[in-house]
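# Observations on the three-dimensional arrangement
Spelled out from the first residue to the last, the chains are:
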Amino acid sequence: MSAPAVATDPRTVRVLLADDVAEVRRLLTIGLTHTERYEVVGEAEDGRQALELAAELAPDVMILDLAMPKLDGFEVLRCLRAVAPDCRVLLLSGFAAGRFQSRALQLGACAYVEKNRGLTAITQILDEVCTDLHPAERRPTHGRSTHSAPGRPPTIDPSEELLAYVTHELTTPIAVVRGFAEALRNHGATQDDLSRTAIDAIIRNADVLRSLLDRFGQARAIEVGRLRLDLQPIELSSFVHETVTDLAGAISTHSVSIDAAVRIDVIVDPVRIRQVLTNLVSNAAKYGPHGSPIEVAVTRRGIAASITVSDRGPGIPASQHEAVFGKFTRLEHSRPGTGLGLYIARGIARAHRGDVTVHDVEGGGCRFELTFPTAAIG
């Protein structure tokens, strides 16, 4: 248990770190103390120490790991109000949100953050939690609501528990590796070209590992009907323009046209829909010849919205139009990938009560179409 620190500025947000991995605590300390807003006043390596320090130090915020020894994060949350009623909690976990997020918010956490989000994202969420925080005013902050996609009743089977365990165990070291590399890049001393190249390579490959874990987790959530949606109203045409523009670097070898002039208001999970569109556009660039056109269009079909992505690639045989959406399906094994992209894309669409389908394009190539209702999911 670390010795308590005394804040020198009354406007400083006093933070207690509770995580059984010393490297995670060190990484969070580096990220927080590079700003003038936060001061780490104590560190705990298990749940009991977290409660003891919370009672002793009365911190403004606790960053609390879920999988803690002696008392886990949920047990700490249940006991915290008795010893530090004003302390806000950001629950940090290597487990995907799923069923854990709802339970955390019900027990009083202000936010549930997956460790694989990275140091910068964790700091940004902490900023949101502490937006109105100063010694004279403390108001409760509530987490964002989520929506469970329709599917089979929640069940836990051994394979799901194994995947959750492996994901959790890998997430923490990946987050630590990436976080320290990010800290070196952002706050390190003057670096030579080799150092910068090495740091960028570490971050890039940590992101690849994180992306693989995310894909496996999403595929499993889709399979058991537990994919969660954070529904928000958006204007679809401008959203598509913005998403495709953000992909400019990745698709710069192709000519891209966007036909999205009609205004369509929808209620969707924008992060998930962006993921689907990014996958479809990236695939069009991957399989289309260098310099070939990619056409993106947004239309309204009755009460449904449609986004199509057309390419001039080799196309997909009609006999494979359904098979291409299968889990781990790759029609061209010479191309890199997990074979999960289209499986996840269709799962996200169907969670929105829509679909992703593929059609032939006259003259060669194919057109993928994402459709979903414009009304909210009930």
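Residues numbered from 1 in each chain as written. Predicted model: local features only at pLDDT ≥ 70, side-chain atom pairs only at ≥ 80, totals over all residues. Heavy atoms only, no water.

## Notes on the overall build of the protein
Stated precisely, the cut-off is as follows: Segments assigned H or I by DSSP are reported as helices when at least four residues long, segments assigned E as strands when at least two residues long, and all are numbered from the N terminus. Burial status follows relative accessibility: with a 1.4 Å probe on protein chains alone, a residue under 20% of its type maximum counts as buried, one over 50% as exposed, and anything between as partly exposed. Two residues form a contact once any of their heavy atoms are found within 4.5 Å. Note on areas: Shrake-Rupley with a 1.4 Å probe; residue coverage comes only from the protein chains shown.
Scanning the protein from N- to C-terminus turns up ten helices and 14 strands. For the protein, the proportion of its 378 residues judged to be buried stands at 47%. Taking the contacts inside the protein whose residues are at least 6 apart along the sequence as the reference set, 71% of them involve residues at least 24 apart. By element, 55% of the accessible surface of the protein is carried by carbon and sulfur atoms, the whole surface being about 18,200 Å².

## Brief notes about the packing of aromatic side chains
Stated formally: Working definition: rings of Phe, Tyr and Trp (its six-membered ring) pair if their centres are within 6.5 Å, and the pair is stacked with planes under 30 degrees apart, edge-to-face with planes over 60 apart, and tilted otherwise.
Applying the stated criterion across every chain yields a total of one aromatic pair. Aromatic pair Phe 325 and Phe 368: ring centres 6.2 Å apart, planes at 80 degrees, arrangement edge-to-face. Separated by 43 residues along the polypeptide, Phe 325 in the loop between β12 (304-310) and α10 (341-351) and Phe 368 in strand β14 (residues 366-373) bring together distant segments of the chain. Judged by relative accessible area, which is 7%, Phe 368 ranks as buried.

## Section: empty space enclosed by the protein
In this approach a probe as big as a water molecule rolls over the atoms, and the regions it shows empty are the leftover space. Here is the rule we go by: Computed over the protein atoms alone on a 1 Å grid, cavities are sets of points where a 1.4 Å probe fits but cannot get out and pockets are open sets with protein on both sides within 12 Å along at least five of seven lines; a residue lines them when it has an atom within 4 Å of a point. Grid points are joined across faces, edges and corners, and a volume is the space filled by probe spheres set on the points. Residue classes follow a fixed rule: Ala, Val, Leu, Ile, Met, Phe, Trp, Tyr, Cys and Pro count as nonpolar, while Asp, Glu, Lys and Arg count as charged, and any other residue, Gly among them, counts as polar.
Per the counting criterion, the structure on display carries one cavity of 30 Å³ or more. Along the wall of the largest cavity there are ten residues; nearest its centre are Val 24, Leu 27, Lys 115, Ile 122 and Ala 175. Of all the elements in the fold, those that place two or more residues in the lining of the largest cavity are α1 (22-33), α5 (119-129) and α6 (158-187). Considering only residue class, the lining of the largest cavity consists of eight nonpolar, one polar and one charged.

## Observations regarding the packing of α1 against α5
Rules: For helices, the fitted line uses only the C-alpha atoms of the stretch in contact; every axis is such a line through C-alpha atoms, and the angle between N-to-C directions lies from 0 to 180 degrees. Small angles under 35 degrees read as roughly parallel and large ones over 145 as roughly antiparallel, with 65 to 115 read as roughly perpendicular and the rest as oblique. Left-handed describes a crossing whose near helix is turned anticlockwise from the far helix through less than a right angle; right-handed describes the clockwise counterpart.
The geometry of α1 relative to α5 is characterised by a closest axis approach of 10 Å and an angle of 60 degrees between their N-to-C directions. By the criterion of interaxial angle, the relationship of α1 to α5 is oblique. Where α1 crosses over α5, the handedness of that crossing is right-handed. Contacts from Leu 27, Leu 28, Gly 31 and Leu 32 of α1 reach α5 at Leu 119, Ile 122 and Leu 126.

## Description of the side chain of Thr 374
Within the fold, Thr 374 resides in the segment after β14. Setting aside residues up to four positions removed in sequence, Thr 374 forms contacts with Ile 264, Asp 265, Val 266, Ile 267, Arg 300, Ile 303, Ala 304 and Ala 305.

## Notes on helix α8 (residues 236-246)
What counts here: The arc under discussion is defined with respect to the helix axis, by the directions toward the C-beta atoms.
Of the positions making up α8, those classed as buried are Leu 236, Ser 237, Phe 239, Val 240, Thr 243 and Val 244. The arc that holds every buried residue of α8, seen down its axis, measures 160 degrees, which confines them to one face. Turned more than 90 degrees away from the buried face of α8, the exposed residues are Thr 245 and Asp 246.

## Things to note about the pattern of salt bridges
Note the following rule: One side-chain nitrogen of Lys or Arg within 4 Å of one carboxyl oxygen of Asp or Glu is enough to make a salt bridge.
Across all of its chains, the model carries eleven salt bridges by this definition. Between Glu 322 and Arg 346 there is a salt bridge, with its nearest N and O atoms 2.9 Å apart. Highlighted residues: Glu 322 in the loop between β12 and α10 and Arg 346 in helix α10, separated in sequence by 24 residues. Classification of Glu 322 by relative accessible area gives exposed; the value is 54%.

## A word on the sheet that holds strand β3 (residues 61-65)
Rules: When DSSP finds two or more bridges between two strands, those strands count as paired.
A sheet is described by the order of its strands in space; here five strands give the open sequence β2-β1-β3-β4-β5, paired in parallel fashion. Only two strands of the sheet have a single neighbouring strand rather than two, namely β2 (38-44) and β5 (111-114). Within this sheet the neighbouring strands show an average axis-to-axis angle of 25 degrees, counted without direction. Taken together, the four bridges between strand β1 (residues 13-18) and β3 define a ladder with parallel strand orientation. By the bridge assignment, Val 15 is partnered in β3 with Val 61. Along the sheet, helix α2 (residues 47-57) makes contact with β1, β2 and β3, crossing β2 at roughly 135 degrees.

## Some points on the packing of α8 against helix α9 (residues 270-287)
Between two packed helices, the angle of one axis relative to the other and the distance separating the axes together describe the packing. Two elements in contact, α8 and α9, have axes whose closest approach is 10 Å; the angle formed by their N-to-C orientations is 55 degrees. Taken together, the axis directions place α8 and α9 in an arrangement best described as oblique. In this structure, α8 meets α9 at a crossing whose hand is right-handed. Contacts between α8 and α9 pair Phe 239, Val 240, Glu 242, Thr 243, Val 244 and Asp 246 from the former with Pro 270, Ile 273, Arg 274, Leu 277, Thr 278 and Val 281 from the latter. Its residues assigned to classes, the contact of α8 with α9 comprises seven nonpolar, two polar and three charged.

## A word on unusual backbone geometry
Positioned with a positive phi, Lys 70 is a non-glycine residue whose angle comes to about 70 degrees. By relative accessible area, which is 57% here, Lys 70 ends up exposed. Even without glycine at this site, Arg 353 takes up a positive phi of about 65 degrees. Mapping Arg 353 onto the fold places it in the loop between α10 and β13 (355-360). Under the relative-accessibility criterion, Arg 353 is labelled partly exposed at 48%.

## Points about the confidence of the model for the protein
The cut-off we apply is this: The pLDDT value expresses, per residue, how confident the predictor is, ranging between 0 and 100.
Within the protein, residue pLDDT values average 79, and 78% of them lie at 70 or more. Mean pLDDT values over the elements of the protein span from 38, in strand β6 (residues 147-148), up to 95, in β12. With pLDDT under 50 throughout, residues 3-8 is counted as low confidence; its partners more than four residues away or in other chains account for twelve contacts. Across residues 135-162, where pLDDT falls below 50, the model places 53 contacts with residues more than four positions away in sequence or in other chains.

## With respect to the pairing of β3
Filter applied, for reference: If the strands point away from the viewer and the path from the first strand over the helix to the second runs clockwise, then the crossover is right-handed.
Counting buried positions along β3 gives five out of five residues, so the element sits mostly inside the fold. When β3 meets strand β4 (residues 88-93), the two strands line up parallel, connected through five bridges. In the strand pairing of β4, Asp 65 is matched with Leu 92. A crossover links β3 with its parallel partner β4, the connecting element being helix α3 (residues 73-83), and its sense is right-handed.

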